[in-house]
Amino acid sequence: MRMTCLPLPDFVIRKLDSLCRSYIWSGKATISKKSPVAWKRVCCPVKQGGLNVINLSVWNQVALLKCLWNIGMELDNLWVKWIHTYYLKGRDFLAENQGNNCTWILKHILSSKADIGRIDNCGNSMRNQRQFSMMKIYNILIEDNVRVEWYHMMTHNFTRLRAKVILWLICQNRLFTKTKMAKMGMLQNTLCGLCKEDNEDLDHLLFKCKSTFVIWQGIFKWMDMKLESNLDMAWIKRKSKGKGWPNILLKAAATEVFYGIWMYRNSMIFGSKGSYRDTHSVIRSIIDSLVYRGWMKPKYRNHLVNILM
């Protein structure tokens, strides 16, 4: 048996989760409390509003169920024969009360039978096929069957991962704009860092700001699409549904625009210009990223050629 048979103590899982959480949000292994989204949400599937990061606690449950499956089905396995000979001694492993003679590993494996009711339908299918799928069981245990209405924005999206994370934070309303930080008592000045004319909330920063509008104009002109006067997040979510090229391009372009706006805003506030020193450079950076990332997908190349010509 491999290391998957080891039941991880709760404090070990919490430590590992803390390290993973800190690395995702700060890029460092040093444990930090900076976390704009709950870790449980991050570990949800994409269609449920998460980033599909493995939930270690649930995965450990699945690993123990795999061991329980082996005890019941893999009777020709040497380890299983040893369990049946020295511990179960001919008794039903599902009805087996955990006695004092069981090791702590075996106690945890046998106690995982409490989860069998949650996977009953899938378990019957796998029993007929005599094959245990850890991923299928994991998806069943992690599912809550509540889909977010914007999950299609994250799928079939060929943009950079960092851009998709910003999109994900926007859809969660977890981007730290000035108005959000003011509500948290972190600052007092809430004026937009770009136009200096209105409060910097999410809607203003992404769609209503004058600098933002210039960026949208440049990208829509490049895509040869009409820029709607009522452009907002709801319009983008609605128009990006579908698997056609216009839907995919709009979704990718919006994702890169959101990322470009956020980086441009940060460069204006903190002074690190780089590729985001003005609206023209932001537009150029967005187009370059769309062409480069799209060209890596052979099925999109002809569409990109038509745009570039």
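Look up a bit, the structure's there.
Cut-off values and rules
Residues numbered from 1 in each chain as written. Predicted model: local features only at pLDDT ≥ 70, side-chain atom pairs only at ≥ 80, totals over all residues. Heavy atoms only, no water. Helix = DSSP H or I, 4+ residues; strand = E, 2+ residues; numbered from the N terminus. Rg over C-alpha atoms; globule rule 2.2 N^0.38 Å. Buried < 20%, exposed > 50% of the residue type's maximum accessible area, 1.4 Å probe, protein only. Contact = heavy atoms within 4.5 Å. Axes fitted to C-alpha atoms, helices over the stretch in contact; angles between N-to-C directions. Parallel < 35°, antiparallel > 145°, perpendicular 65-115°, else oblique. Left-handed = near helix turned anticlockwise from the far one by under 90°.

Within the protein, the regular secondary structure consists of 15 helices and zero strands. Taken over the C-alpha trace, the protein has a radius of gyration of 25 Å; the compact-globule value for 309 residues is 19 Å, which it surpasses by more than 25%. Projected onto the principal axes, the alpha-carbon positions of the protein cover approximately 75 × 50 × 30 Å. Across the 309 residues of the protein, 45% fall into the buried class. In the protein, 57% of the contacts between residues at least 6 apart in sequence involve partners at least 24 apart.

Locating Gln217 in the fold gives a position in helix H11 (residues 210-223). Residues Gln217 and Val291, spaced 74 residues apart in sequence, show a C-alpha to C-alpha distance of 18 Å.

With that settled, consider the packing of helix H3 (residues 56-73) against helix H7 (residues 134-142). The N-to-C vectors of H3 and H7 enclose an angle of 130°; their axes lie 9 Å apart at closest approach. It follows that H3 is oblique to H7 by the angle criterion. As for how H3 packs across H7, the hand of that crossing is right-handed. Of the residues in H7, those touching H3 at Val58, Trp59, Gln61, Val62, Ala63, Leu65 and Lys66 are Met134, Met135, Ile137, Tyr138, Leu141 and Ile142.

On their own, these measurements won't tell you what the molecule is for.
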